[in-house]
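Take a look at the letters that make up each chain.
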Amino acid sequence: MSTAPSVGQKDDHIELGVEGMSCASCVARVEDAIRQVPGVSDVSVNLATGRARVGLGQAEPGSVVKAVEAAGYGTAAEELGLSVEGMSCASCVGRVEQALLQVPGVLSASVNLATESAQVRYVSGAVDAKGLAAAVESAGYGASIRESGVDRADREREARAAEMKSLKRSLVWAAAFTLPIFILDMGGHMIPAFHHAVHGALGTQNVYILFFVLASFVQFGPGLRFYRKGWPALVRGAPDMNSLVMLGTSAAYGYSVVATFLPGILPEGTVHVYFEASTVIITLILLGRFLEARAKGATSEAIRKLMGLRPRSARVLRGGETLEVDVEQVVVGDQVLVRPGERLPVDGEVIEGASYVDESMITGEPVPVHKTPGGRVVGGTVNGQGSLTLRATQVGADTVLAQIIRMVEAAQGSKLPIQALVDQVTRYFVPAVIAIALVSFIVWMLFGPAPALTLALVNAVAVLIIACPCAMGLATPTSIMVGTGKGAEMGVLFRGGDALQALRGTQVVAMDKTGTLTRGRPELTDLHVAEGVEESQVLSLAAGLEQHSEHPIAEAIVRAARERGLRLESAAEFNAEPGMGASGRVAGKGLLIGADRYLAREGIDTAPLARHAEGLADAGRTPLYLAADGRAIAVLGVADPVKDGAREAVARLREQGLQVVMVTGDNRRTAQAIARELGIEDVVAEVLPDGKVDAVRRLQEGGRRVAFVGDGINDAPALAQADVGIAIGSGTDVAMESADVVLMSDNLGNVPNAIALSRATIRNIKQNLFWAFIYNVTLLPVAAGVLYPFVGLLLSPMFAAFAMAFSSVSVLTNALRLKRFRVPQTA
């Protein structure tokens, strides 16, 4: 993605690209519009460069952009992806977003904890990538430009592997030094004889010193990562999860150090050491982080699979030689050679050879597709047993695979409306936890039983450790990542996470007929012949005449004859009459083919075959009579047949409680016949594209949510009007800008599949959020000791650490259940 050039921002000036200006009056209008924005100090618009230099003063860049657009002009905005390092919980997400939004020129920022990324939309020319990265770094996090493609996948895999290795190493060392403390201390609590033996042999002070040495290594060795991130965040007044761990373990460790070396300054009866608590807490939290990192890696498996589909190199034919080049060096028009069993490196058209190509990772369809010269192929798919020569038609970022990856990345990086509430809560969560811990400490010190100081410390530490904003931050994005990744595997692409949520609430599914419910190409479906006439002879004559016509119905008849291997003779004296039919001589016979009114005009009796023609019309077929030498010898039925699986798809939608409506421009009689065949009760027929928009609006009356399913081209207005637009793809064209959901194959079963996946994903998100909120709301008061006056229950800081680690891992594990999503079958 291109980034804007770096420009100076002295006095908070930004340069804004303005589109649509054509004269000096445009300049004046734009300047007036910007000046009216409260807080703008000065403005200068240049027609030649198409840019406006604005002194923001107290104004927000977004307000300036809105003013320009309200004046009727466009503004140039760009998007940039950043990889963000160091985020550990939902409060980190809020801080990174706030840091980005405070950069002059930034219009919006969306930070995703699960993908560790930020998507920033900013005024073109107002800020550059370095400025955005610097803003993130000033908030205490690392940032780098988020690239796309296989190389980025490799770097991310290496970075994740390095993180896993570091966490594993820290966990092993922490566990190794914690285990002796745990055994000696907890063993003594459980077996008094063991306690007396150890302390009798070594001496209590020596045991405490041993604990101090071991705990110091854990605290400032593996535990140093919490100080490195938690302390700067605390100093900035923006504490995060690392700050809570740092404060909790430091309190337990510091108190123990005082009890070991300066016991006299502590009140009588409060000299206890909690080295085992600080070390076990760090070890358990590192274990949770390690398991969390593994689970987060699994959530992005789908995007890594997609990125791994494209080969690194390609064999191209240049100057009569076959050269192996990097796939990035392939250009449009190159001839690419693909051997059996290889992945296709680019999109293209077959110019030589024949083979079956496995397109399942693109379309979700398991059956390989036969490719012959003229056929279109998609990069990343697998060639079968034949060799193919392709002409490259799309390369690099224009390939279908690249488009799919961008769509999946956009969906995984987006936020659902439901996330807004979570963001608001988590922004204040960590400061609130610190406040609760402080209040808990004070209350126990003032009103708690002896030893009050010890109990106050234990409960305050438990509060700090048990809080888990991570679970709240991961609840939504991890489910979106797994859900959209699963959709990509099925051949269902969600353009954004909001499409997932919107599709779940759908109540009505409106579907186009031609090309959506039907195959979109007329076919010969019926042939009834007069007595004494052979079917093959009739079809040969009809096709011989119609091969001179370009009408789709004529093409269907010719195609049917060729599929049966019939020999076609050329027609003489061919004449076509629009709206009527055609005439000519074939094999010495004078032929007429067309509607009944055409034959009636020529004085030919159609009564003997009229019953068959009426039956065809009632079934939604187009009846055509064939007459030879003045006698009607056959009636042919031509129709656009329904797609395989269309009836089952409609049945599944109805089982999901949805109303299914057919919206078509075809005549009502044909539409009703197709609807009866498919089990659709509601039909809106004989409407133009604009009429389809009106039909969708009528279906939306009463607040009903409508999904429209179409082919993404002539149905674009209706797709845009619907609450959710679902475009049927062909496996080679995913750039359907009007659609919210793109189906990569023409399998209509993916419509109920997409809705079922949407419902499963939103249900999964709600489960995650319920667990995350209930966990924190329930256990924080318990950790503070509210149950002690009633049942005498206090929460150990070690149990709090285990519960905190378990909380995040449980959310991630629940999200990963979506990988096992199975398509529901019809009853």
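Just so it is clear, the model here is predicted, and its values are computed rather than measured.

## Quick word on the pattern of salt bridges
Between side chains of opposite charge, a pair can form when the charged atoms approach closely.
Argument step 1. Counted under the stated rule, the structure contains 17 salt bridges.
Argument step 2. Note that D644 is salt-bridged to R519, the shortest N-O span being 3.3 Å. With D644 in the loop between strand 25 (631–639) and helix 24 (646–655) and R519 in the loop between helix 19 (513–517) and strand 20 (523–529), this pair connects stretches of sequence that are 125 residues apart.
Argument step 3. Between E681 and R654 there is a salt bridge whose closest N-O contact spans 3.1 Å. Of this pair, E681 sits in the loop between helix 25 (668–678) and strand 27 (682–684) while R654 sits in helix 24, and the two are 27 residues apart along the sequence.
Argument step 4. For R654, a relative accessible area of 40% translates into the label partly exposed.

## A short note on the sheet that holds strand 25
Argument step 1. Spatial ordering of the open sheet is given by 20-25-24-23-22-21, a layout of 6 strands whose pairing is antiparallel. For this open sheet the edge positions go to strand 20 and strand 21 (572–577), each flanked by a neighbour on one side alone. The average undirected angle you get between the axes of adjacent strands in this sheet is 20°.
Argument step 2. Lying on the sheet, helix 23 (residues 607–618) is in contact with strand 20, strand 24 (622–628) and strand 25; it crosses strand 25 at an angle near 10°.

## Side note on the pairing of strand 22 (residues 581–586)
Argument step 1. Of all 6 residues in strand 22, 5 are buried, a share of seventy percent or more.
Argument step 2. Bridge count for strand 21 against strand 22 is 4 bridges, and the pairing is antiparallel. Pairing of E577 across the sheet is with G581, part of strand 22.
Argument step 3. Here strand 21 folds back onto strand 22 in antiparallel fashion, the turn holding 3 residues, of which G579 has a positive phi close to 80°.
Argument step 4. By the bridge criterion, 6 bridges tie strand 22 to strand 23 (residues 589–594) in an arrangement that is antiparallel. Residue pairing for strand 23: S583 is matched across the bridge by L592.
Argument step 5. Between the antiparallel neighbours strand 22 and strand 23 lie 2 residues, among them A587 with a positive phi of about 55°.

## Focus: helix 23
Argument step 1. Between the first and last C-alpha of helix 23 there are 17 Å, a value that for 12 residues agrees with the 16 Å anticipated at 1.5 Å per step.
Argument step 2. Within helix 23, burial applies to L609, A613, L616 and A617. Viewed along the axis of helix 23, the buried residues span an arc of 95°, placing them on a single side of the element. For helix 23, the exposed residues lying more than 90 degrees away from the buried face are R611 and E614.
Argument step 3. In the segment just after helix 23, G620 is the residue with positive phi, at about 90°.

## Notes on unusual backbone geometry
Argument step 1. Cis geometry is adopted by the peptide bond preceding P451, which originates at A450 and carries an omega value of -10°.
Argument step 2. Mapped onto the elements of the fold, P451 is located in the loop between helix 15 (429–447) and helix 16 (452–466).
Argument step 3. In the Ramachandran plot, E573 falls in the positive-phi region, its phi being about 60° despite a non-glycine side chain.
Argument step 4. Along the polypeptide, E573 turns up in strand 21.
Argument step 5. Under the relative-accessibility criterion, E573 is labelled exposed at 63%.
Argument step 6. Positive phi, close to 50°, is recorded for D629, a residue that is not glycine.
Argument step 7. Position of D629 among the secondary structure elements: in the loop between strand 24 and strand 25.
Argument step 8. With a relative accessible area of 52%, D629 lands in the exposed category.

## Here we look at the packing of helix 23 against helix 25
Argument step 1. At a closest axis distance of 8 Å, the pairing of helix 23 and helix 25 adopts a crossing angle of 70°. Taken together, helix 23 and helix 25 sit at an angle that is classed as roughly perpendicular. Contacts from E614, A617 and D618 of helix 23 reach helix 25 at R669, A673 and R676.
Argument step 2. Tallied by class, residues from the contact of helix 23 with helix 25 come to 2 nonpolar, no polar and 4 charged.

## Regarding the UniProt feature "transmembrane region" (unreviewed entry) in the protein
Argument step 1. UniProt tags residues 170–194, 206–224, 244–266, 272–291, 428–447, 453–476, 769–791 and 797–816 as "transmembrane region" (unreviewed entry).
Argument step 2. End C-alpha to end C-alpha, residues 206–224 measures 25 Å, and it is 84% helix and 0% strand.
Argument step 3. For residues 453–476, the helix share is 92%, the strand share is 0%, and the end-to-end C-alpha distance is 40 Å.

Procedures and definitions
Every chain's residues receive numbers from 1 upward, in the order its sequence appears when written. The predicted nature of this model means local features are confined to residues of pLDDT at least 70 and side-chain atom pairs, given and counted, to a pLDDT of 80 or more, with totals for whole chains, interfaces and linings taken over all residues. The basis for every side-chain value is the complete set of heavy atoms in the structure, and neither hydrogens nor water enter the calculation. Between Lys or Arg on one side and Asp or Glu on the other, a salt bridge is scored when a side-chain nitrogen of the former is within 4 Å of a carboxyl oxygen of the latter. Labels follow the DSSP assignment, with helices taken as runs of H or I lasting at least four residues and strands as runs of E lasting at least two, numbered in each case from the N terminus. Think of it in three bands: with a 1.4 Å probe and only protein chains considered, a residue is buried below 20% of the maximum accessible area for its type, exposed above 50%, and partly exposed in between. Should DSSP find at least two bridges between two strands, the strands are taken to pair. Convention adopted: a line fitted to C-alpha atoms gives each axis, helices being fitted over their contacting stretch, and angles between N-to-C directions are expressed from 0 to 180 degrees. Between two residues, a contact is recorded if the distance between any of their heavy atoms is within 4.5 Å. A helix's residues, less one, multiplied by 1.5 Å, set its expected span. Along the arc lie the directions from the helix axis toward the C-beta atoms. Note on angle classes: values under 35 degrees are labelled roughly parallel, values over 145 roughly antiparallel, values of 65 to 115 roughly perpendicular, and the remainder oblique. Note on residue classes: Ala, Val, Leu, Ile, Met, Phe, Trp, Tyr, Cys and Pro are nonpolar, Asp, Glu, Lys and Arg are charged, and everything else, Gly too, is polar. UniProt positions are given in the numbering used here, feature names are shortened, and annotations may be inferred rather than shown by experiment.

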